[in-house]
Amino acid sequence: EKQGQSNFKSKAMICKVLHFITVIALVIVVVMRILSKTNYMSVTMFMLSIYLLLFAVFSTLAELGVGNYRITFYSLNFTWGKALAYFCIGWLEVCSGAIDENHFLWLSIIDIYFGIYLFVASVILMIFFVLWRADEAEYVKQQLELWDAERKKKDQAQIEMKEANA
């Protein structure tokens, strides 16, 4: 089983790299949306930009294990969780295109292509889930236990420091 976990570390790194590439692309799309006047043609387009930025930030914090984000966004610890999130965001991107017969809306084209990328990424992650689900579940469990142990040590150190200063 230890061998399976060490093998899964490299597989987890593949998923992590795919996730960071996706987040970087997501931030680029958000910046292009914010710089485009098309983004301000409707509240929906603007709110989608805010949502995409928040997802990029929170999913990165969860991936890096900052704070309680790994627990708050628990499903993002798994390939199926990322796949579901990418699929839903891809669907929002493809379906959010603003329509205005008077202007060429290049932002809609970018949204559609990025949405297609997210669909492809979600399919890849679902394939990974099917192939690696047993190893992944154990790996995530161990990672969360390690994270919890580290957090408890930090909490205990803070308590001891307060008691020493009191």
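For the structure, check the block above.
Residues numbered from 1 in each chain as written. Predicted model: local features only at pLDDT ≥ 70, side-chain atom pairs only at ≥ 80, totals over all residues. Heavy atoms only, no water.

Caption draft 1: Structural detail: the packing of aromatic side chains. For the structure on display, the rule yields 10 aromatic pairs. Relative to Phe-73, the ring of Tyr-69 has its centre 6.1 Å away and its plane inclined at 5 degrees; by these criteria the two rings are stacked. Given the relative accessible area of 26%, Tyr-69 is considered partly exposed. A centroid spacing of 5.3 Å and a plane angle of 45 degrees characterise the contact between Phe-87 and Phe-119, whose relative ring orientation is tilted. A residue pair is termed long-range when its members are at least 10 positions apart, and Phe-87 in helix 4 (residues 79-95) and Phe-119 in helix 5 (residues 106-165) qualify at 32 residues. (Phe/Tyr/Trp six-rings, centres within 6.5 Å; stacked < 30°, edge-to-face > 60°. Buried < 20%, exposed > 50% of the residue type's maximum accessible area, 1.4 Å probe, protein only. Helix = DSSP H or I, 4+ residues; strand = E, 2+ residues; numbered from the N terminus.)

Caption draft 2: Representation of the environment of Leu-105 within the structure. As for its placement among the helices and strands, Leu-105 is situated in the loop between helix 4 and helix 5. Taking C-alpha positions, Leu-105 is 9.7 Å from Asn-39, a pair spaced 66 residues apart along the chain.

Caption draft 3: Spatial organisation of helix 5. Helix length check: helix 5 (60 residues) gives 60 Å between terminal C-alpha atoms against 88 Å at 1.5 Å per residue, more than 12% under. The sharpest bend along helix 5 reaches about 85 degrees and sits at Trp-132. (Expected span 1.5 Å × (residues − 1). Bend = angle between axes of the 7 residues up to and from the residue.)

Caption draft 4: Looking closely at the side chain of Lys-82. Mapped onto the secondary structure, Lys-82 falls in helix 4. Lys-82 gets classed as buried once you look at its relative accessible area, which sits at 5%. In this structure Lys-82 touches His-19, Glu-63, Ser-75, Leu-76, Asn-77 and Leu-125, once residues within four positions along its chain are discounted. (Contact = heavy atoms within 4.5 Å.)

Caption draft 5: Just the packing of helix 2 (residues 43-64) against helix 4, in detail. It is the contact of helix 2 with helix 4, at a shortest axis distance of 12 Å, that shows an interaxial angle of 165 degrees. Taken together, the axis directions place helix 2 and helix 4 in an arrangement best described as roughly antiparallel. For the pair helix 2 and helix 4, the sense of crossing is left-handed. Facing Leu-48, Tyr-51, Leu-52, Phe-55 and Glu-63 of helix 2, the residues of helix 4 in contact are Lys-82, Ala-85, Tyr-86, Ile-89, Leu-92 and Glu-93. Considered class by class, the residues forming the contact of helix 2 with helix 4 number 8 nonpolar, no polar and 3 charged. (Axes fitted to C-alpha atoms, helices over the stretch in contact; angles between N-to-C directions. Parallel < 35°, antiparallel > 145°, perpendicular 65-115°, else oblique. Left-handed = near helix turned anticlockwise from the far one by under 90°. Nonpolar A, V, L, I, M, F, W, Y, C, P; charged D, E, K, R; others polar.)

What is shown is where atoms sit, not what they do.
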